[in-house]
Amino acid sequence: MNASPTTTGSTTSTSTTTSTSTATSTATSIGSAPRDYALTGAASRRAVQDGLADAQWYRPAVSPERMQVLMARSNGRAAFHTVLWLALLAGSGALAFQSRGHWWAIPAFAAYGALYGGAADPRWHECGHGTAFKSRWANDVVYTVASFMLLREPTMWRWSHVRHHSDTIIVGRDPEISFPRPFKVRVVLANYLHLLNGPAMLRRMVRHAFGSIDDDARDFVPEDELPRVVWEARIFVAVLACVIAWSVLIGSIVPLLFIGLPSFYGVWLLWFFAVTQHGGLREDVLDHRLNTRTVYINPVFRFLYLNMNYHLEHHLFPSVPYHHLPQLHAEIKHHLPPPKTSMFTAYREIVFALRRQHKDPTWELPLPVLPADAPTAVLSSKVTRDVEDPEADAVDIGAADMIETGRIVRLDLNGRTYALCRPTADLYALTDGLCTHGQTHLAEGFLDGCTIECPKHNGRFDVRTGEPLRKPVRIPLATYEIERVGGRLVARLDGRRVPPPPALRTTPSR
Ligand code: FES
């Protein structure tokens, strides 16, 4: 996740991320090597050349059975937490309205702002991944509303966050790096009130509303999504303009205090949590254990932050919904560095690292102690075999009971990989094994009815037709005819392939 886009006049990130980079980036110097956080500069080209873009990352092994349980979604849990958040928002808003003219307006508005401009961030994040609710529409509604509350353009940020997960804290690739080195104290402090990021995000939104898309956004948003970026920016700008006009008409700042300005004066809570995600940790490493942090926090904070304190676990397995992250943590913590035991210890480490990196941008925290026996992968049941003639009309691919109902099995036949799915007892589906977005093994993903979700960026396909159901996947998945004959599964491996429409782009990093 990320924090909110940080815009240091240069780069933004969020998650909880930090923010998506603003239009410009600051070139800094790391040791003798120039460092440029722009997504279109020398560091970007170097990251690609060095194999740091769209690379394979470490993931600890978890049994496929356990992963299917951990990846299960729940409308009930998310609805309860969302209603509770909205009720607190409404209650604090009513209190703030009543407090006008009194001294206690300050704490009342601070609480309202924190719930608006701070607690909206993890809701935005989880719904952006499509993991908070089971229902897609509920995720989309909350994501869009929270995007407005955070001044984030929904489509642009969705693609920004995809890149953040592909290339976490890779300089020149990740648009959501919160602490470009060497960091500046005044910049970090200003971020707690959105004094730099907020105006930069507003200016960017206005430019987008006029159809002027910056190069960084063009780097991670597919071209055919840009008109959507423009229209979303226009709608958000129009709503904000209406609130400003309302305030002017009645000669009172009150409407803006409730809509618009809380994105600024409430962002402190977002930053309070979000800086712990990656602050002070390593750049340009392909191991989330070295650039992402998990922190133990109290239950109130965990509600406000929707368990995103388990941030390392989230980056390792973005398909696991927030309410299962504590269980995931318990499952894999013996493969991970020790978590920080409180916000205090996390901040102590961050401040220590940032102070050292302020003087010497090449300075790094000591490497954490990692278990020597940590296995480096893999998470799907796998069947490997050769068949006599893969081009034959009917190929026996194995026993029908090699897969249980509701499961996915990776099937490698003659060196080619497939995903064999069994959504119901009587229904089998066979698809290509690699996601059309980023070549990730789909068998390590989540099967929900007839929908398979990619474990890397939460893209989804219908396993019966290969139809893309959720971005970032946009290219259909090849599917193959399969039927059960007695106790065997028979498929046509050269059969009903679904060719990708030529009009769609095939950029793997997106
Ligand atoms: Fe990105 Fe599959 S690799 S959605």
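Predicted, not measured: the structure shown is a model, and the values here were computed from it.

Draft legend 1. Inspection of the overall build of the protein at higher detail. From N to C terminus, the protein includes 19 helices and 13 strands. Put simply, 66% of the contacts in the protein that link residues at least 6 apart link residues at least 24 apart. About 20,400 Å² of surface is accessible on the protein, with carbon and sulfur atoms providing 62% of the total.

Draft legend 2. Spotlight on the side chain of His288. Its location among the elements puts His288 in helix α15 (residues 288–291). Not counting residues up to four positions away in its chain, the partners in contact with His288 are Trp57, His165, Thr168, Leu312, His315 and Leu316.

Draft legend 3. How the structure looks around a negative patch on the surface. On the surface, Glu388, Asp389, Glu391 and Asp494 cluster together into a negatively charged patch. Mapping Asp494 onto the fold places it in the segment after β13 (488–492). A residue is classified by how much of its surface remains accessible, and Asp494, at 33% relative accessible area, is partly exposed.

Draft legend 4. Structural view of the nonpolar core. Membership of the largest hydrophobic core comes to 84 residues, with the highest contact counts inside it found for Phe317 and Val320. Listed in part, the 18 residues of the second largest apolar core include Val395, Leu413, Tyr428 and Ala491.

Draft legend 5. Layout of the pattern of salt bridges. By the definition in use, this model includes 25 salt bridges. Between Arg173 and Asp54 there is a salt bridge, with the nearest N and O atoms lying 3.5 Å from each other. Of this pair, Arg173 sits in the loop between α7 (154–166) and α8 (185–191) while Asp54 is found in the loop between α1 (42–49) and α2 (64–70), placing the two residues 119 residues apart along the sequence. Assessed through its relative accessible area of 7%, Arg173 is described here as buried. Of the charged contacts, one joins Arg181 and Glu283 as a salt bridge, the two residues approaching to 3.7 Å between their closest N and O atoms. Of this pair, Arg181 sits in the loop between α7 and α8 while Glu283 is found in the loop between α14 (267–278) and α15, placing the two residues 102 residues apart along the sequence. Across the pair, exposure class does not vary: Arg181 and Glu283 are buried alike. Sharing partners across several salt bridges, the network here consists of Asp54, Asp167 and Arg173.

Draft legend 6. Broad picture of the pairing of strand β5 (residues 407–413). Summarising burial for β5: seven of the seven residues are buried, a large majority. Strand direction decides the pairing type here: β5 and strand β6 (residues 416–424), joined by seven bridges, are antiparallel. Opposite Ile408, over in β6, you have Cys421 as the bridge partner. The antiparallel pairing of β5 with β6 creates a hairpin that spans two residues between the two strands, and Asn414 there sits at a positive phi of about 50 degrees.

Draft legend 7. Structural context of the side chain of Glu232. With respect to the secondary-structure elements, Glu232 resides in helix α11 (residues 226–250). The class of Glu232 is buried, set by a relative accessible area of 14%. Excluding anything up to four places from it in sequence, Glu232 contacts Glu153, Pro154 and Thr155.

Draft legend 8. How the structure looks around the packing of helix α4 (residues 105–118) against helix α5 (residues 120–129). Axis separation between α4 and α5 bottoms out at 5 Å; the angle between their running directions is 20 degrees. With respect to α5, the axis of α4 lies roughly parallel. Between α4, through Leu115, Tyr116 and Gly118, and α5, the contact on the second element is made entirely by Ala120, Asp121 and Pro122. Within the contact of α4 with α5, the residues separate by chemical class into four nonpolar, one polar and one charged.

Draft legend 9. Focus on the pairing of strand β12 (residues 479–485). With two bridges connecting them, strand β7 (residues 427–432) and β12 associate as antiparallel partners. The residue of β12 that forms the bridge with Leu430 is Tyr480. Note: β12 against β13, five bridges, orientation antiparallel. The residue bridging Ile482 from the neighbouring strand is Ala491, located in β13. Here β12 folds back onto β13 in antiparallel fashion, the turn holding two residues, of which Gly486 has a positive phi close to 65 degrees.

Draft legend 10. Region of the structure containing the confidence of the model for the protein. On average, residues of the protein score 88 in pLDDT, and 88% of them reach the 70 mark or higher. Throughout residues 1–32 the model reports pLDDT below 50, and contacts reaching past four residues in sequence, or to other chains, amount to 196 contacts. The low-confidence segment residues 499–510, where pLDDT is below 50, has 28 contacts with residues more than four positions distant or belonging to other chains.

Draft legend 11. Spatial organisation of the environment of Glu283. The buried category is assigned to Glu283, whose relative accessible area is 9%. Spatially, the C-alpha atom of Glu283 lies 6.8 Å from that of Val171, the residues being 112 residues apart in sequence. Among the polar contacts made by the side chain of Glu283, one reaches the side chain of Tyr37 at a distance of 2.5 Å.

Rules of the game
- Residues numbered from 1 in each chain as written.
- Predicted model: local features only at pLDDT ≥ 70, side-chain atom pairs only at ≥ 80, totals over all residues.
- Heavy atoms only, no water.
- Helix = DSSP H or I, 4+ residues; strand = E, 2+ residues; numbered from the N terminus.
- Contact = heavy atoms within 4.5 Å.
- Areas by Shrake-Rupley, 256 points an atom, 1.4 Å probe, with all protein chains shown as cover.
- Patch = residues over 30% accessible without salt bridge, like charges linked within 9 Å, V, L, I, M, F, W, Y side chains within 5 Å.
- Salt bridge = Lys/Arg side-chain N within 4 Å of Asp/Glu carboxyl O.
- Lys, Arg positive; Asp, Glu negative; His and termini not counted.
- Charge placed at Lys NZ, Arg CZ, Asp CG, Glu CD.
- Buried < 20%, exposed > 50% of the residue type's maximum accessible area, 1.4 Å probe, protein only.
- Core = buried A, V, L, I, M, F, W, Y, C linked by side-chain atoms within 4.5 Å.
- Pairing = 2+ DSSP bridges.
- Axes fitted to C-alpha atoms, helices over the stretch in contact; angles between N-to-C directions.
- Parallel < 35°, antiparallel > 145°, perpendicular 65-115°, else oblique.
- Nonpolar A, V, L, I, M, F, W, Y, C, P; charged D, E, K, R; others polar.
- pLDDT = per-residue confidence, 0-100.
- Polar contact = N/O pair within 3.5 Å; in protein donor to acceptor, adjacent residues only side chain to side chain.

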